[in-house]
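# Descriptive analysis of the structure
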Amino acid sequence: MSRNPPPTPDPINIPTALPPGLIAERLARTHPLLCLDFDGTISELTNDPWKAVPIPPAKNAIAELARHPRKITVAIVSGRDLDTLIGLLGLRDGLMFAGTHGLEFIGRDGVRHHAPGVERCAADMKIVREFLTKSIPKDRGFIIEDKGIAMTINYRNAKPDDARPTLEAFDNFVSNRPTLQVLHGKMVHEAIPRGIGGKGAAIEFFMRDTGIDASNTIYIGDDTTDEDAFRMLAPRGGITVMVGVARASFAEYRVDTPSVVSDLLVDLAFSM
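First, a word on what this report is: a plain description of the structure on this page. (Residues numbered from 1 in each chain as written. Predicted model: local features only at pLDDT ≥ 70, side-chain atom pairs only at ≥ 80, totals over all residues. Heavy atoms only, no water.)

Turning to the packing of helix α2 (residues 56-66) against helix α8 (residues 258-270), a few remarks are in order. Their axes nearest at 8 Å, the elements α2 and α8 cross at an angle of 35°. As for how α2 packs across α8, the hand of that crossing is left-handed. Residue-level contacts link Pro 57, Ala 58, Ala 61, Ile 62, Glu 64 and Leu 65 of α2 to Ser 262, Leu 265, Val 266, Leu 268 and Ala 269 of α8. Considering only residue class, the contact of α2 with α8 consists of 9 nonpolar, 1 polar and 1 charged. (Axes fitted to C-alpha atoms, helices over the stretch in contact; angles between N-to-C directions. Helix = DSSP H or I, 4+ residues; strand = E, 2+ residues; numbered from the N terminus. Left-handed = near helix turned anticlockwise from the far one by under 90°. Contact = heavy atoms within 4.5 Å. Nonpolar A, V, L, I, M, F, W, Y, C, P; charged D, E, K, R; others polar.)

Laid out in structure tokens, this is it:
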């Protein structure tokens with residue numbers, strides 16, 4: 001029997017189109033906390049996860065927004081580990097970061113923090129690392145990401161007939177580790193510490209760190225792993241925006257593509 005925590009209820013509402021000017025209006029009347037997912041939000045999804053880079057106008061706009069800390073605070077929130085995230089983004093000054101689904105942070109002080117309790121998972125994570133080394137087929141399109149405090153299988157390039165049994169074996173193995181749980185995202189399965197972190201927890205960290213409350217927080221993301229942040233913020237008056245085709249989500253609003261997010265960021269930067 002799986003030891004994973006009980007699943008949260010699935011979302012049932014379809015987000016509506018983001019009203020033009022809504023985020024700009026929030027910026028005009030308050031100091032918002034703008035939280036951005038990386039892959040599929042400010043970067044297009046790629047078959048090679050190491051080649052994902054931010055859309056150039058989005059990167060430039062983020063850099064410009066970060067130069068105005070008295071008007072807006074910007075945080076990048078991702079499932080990527082912090083070193084990879086910062087390397088792919090190519091920016092750091094004036095930004096806050098959450099990596100590995102809220103298991104590691106860089107706040108206003110510029111110091112890296114880990115979520116409390118991560119260290120107790122080290123022995124089980126080592127066992128999963130050894131399992132992946134021995135059990136994942138080579139040259140079948142699987143990409144293994146070792147984040148130290150999490151282990152990920154990316155199966156975007158694997159054939160479905162190869163992916164199904166491999167992912168089932170991985171999920172079963174991880175579910176039987178007492179300190180770990182399985183997280184499913186877009187074409188990835190991940191072993192992460194049980195009951196620790198999450199993108200909602202990452203946003204809570206940033207709100208405490210900055211003193212900005214939920215009603216003045218904006219979160220934009222595309223993945224099922226972003227639902228944790230949507231679910232936490234939307235009832236508290238935050239602006240929550242899902243990126244991608246229409247689907248049930250805890251987000252209140254939706255935009256079609258990362259290019260639309262890029263245009264939105266450019267408009268915000270122009271208003272500084």
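This part is about the packing of aromatic side chains. Tallied over the full model, the rule gives 5 aromatic pairs. With 4.3 Å between their ring centres and 20° between their planes, Phe 105 and Phe 205 make a pair best called stacked. Of the two residues, Phe 105 sits in strand β5 (residues 104-106) while Phe 205 sits in helix α6 (residues 199-210), which places them 100 residues apart along the sequence. Take Phe 105 and Phe 205: they sit in the same class, and that class is buried. Measuring from ring centre to ring centre gives 4.1 Å for Phe 131 and Phe 173, while their planes differ by 10°; the resulting arrangement is stacked. One end of the pair, Phe 131, is in helix α4 (residues 122-135); the other, Phe 173, is in helix α5 (residues 160-175), with 42 residues separating them in the sequence. The exposure class assigned to Phe 131 is buried, which follows from its relative accessible area of 17%. (Phe/Tyr/Trp six-rings, centres within 6.5 Å; stacked < 30°, edge-to-face > 60°. Buried < 20%, exposed > 50% of the residue type's maximum accessible area, 1.4 Å probe, protein only.)

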